[in-house]
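Secondary and tertiary structure notes
Spelled out, the chains give:
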Amino acid sequence: MALLDAAREVRERAYAPYSNFKVGAAVRGASGRIYAGCNVENVAYPEGTCAEAGAIAAMVAAGETEIVEVAVIADSQGPVPPCGGCRQKLAEFGRPETPVLLATTRGDELATTIGELLPGRFGISHMSGTE
């Protein structure tokens, strides 16, 4: 539950004056350490940063490159999945079976995986011509 708690806490610090849609995300690195991020909007829409991207950036800045668990939370009608770009970012650092917990501030939860969120992901094998 600590991962979701970290996402919930950082969500409160999101900078979302234009959409008023705050999102918090947390990823657990292979070391067990938790990295959190929140969305940061910009008046020059859509030049903001997603919560998932912020959490991943914090993880990489700390020297880790493997995600073993993800949590995302928002105040919404149902659990909100990451955008397409963030799904690819999660896939870069996680495995298809990496667990992802999507949650709402009201307590609704949806458990999924990176592979379920991004089937047919673009990977390094596509660039090298090997499958």
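Parameters at a glance
Residues numbered from 1 in each chain as written. Predicted model: local features only at pLDDT ≥ 70, side-chain atom pairs only at ≥ 80, totals over all residues. Heavy atoms only, no water. Helix = DSSP H or I, 4+ residues; strand = E, 2+ residues; numbered from the N terminus. Rg over C-alpha atoms; globule rule 2.2 N^0.38 Å. Contact = heavy atoms within 4.5 Å. Areas by Shrake-Rupley, 256 points an atom, 1.4 Å probe, with all protein chains shown as cover. Pairing = 2+ DSSP bridges. Axes fitted to C-alpha atoms, helices over the stretch in contact; angles between N-to-C directions.

Some points on the overall build of the protein
Counting secondary structure elements, the protein contains five helices and five strands. In sequence order, the protein lays out its α and β elements as α-β-β-α-β-α-β-β-α-α. Relative to its length of 131 residues, the protein is compact, with a C-alpha radius of gyration of 14 Å against a globular reference of 14 Å. Seen through its C-alpha atoms, the protein measures out along the principal axes to roughly 45 × 35 × 30 Å. Look at the contacts in the protein between residues 6 or more apart in sequence, and 60% of them connect residues 24 or more apart. Per element, the accessible surface of the protein, about 7100 Å² overall, is 55% carbon and sulfur.

Description of the sheet that holds strand E5 (residues 109-113)
Pairing is mixed across the open sheet formed by five strands, whose spatial order is E2-E1-E3-E4-E5. Single-partner strands in this sheet number two, and they are strand E2 (34-38) and E5. Each neighbouring strand pair of the sheet contributes to a mean axis angle of 15°, computed without reference to strand direction. Direction of pairing for strand E3 (residues 67-74) relative to strand E4 (residues 99-104): parallel, over a ladder of five bridges. Within E4, the position partnered with Val70 by the bridge is Val100. Packing of helix H1 (residues 2-11) onto the sheet brings it into contact with strand E1 (23-29), E2, E3, E4 and E5, and relative to E1 it is tilted by some 145°.

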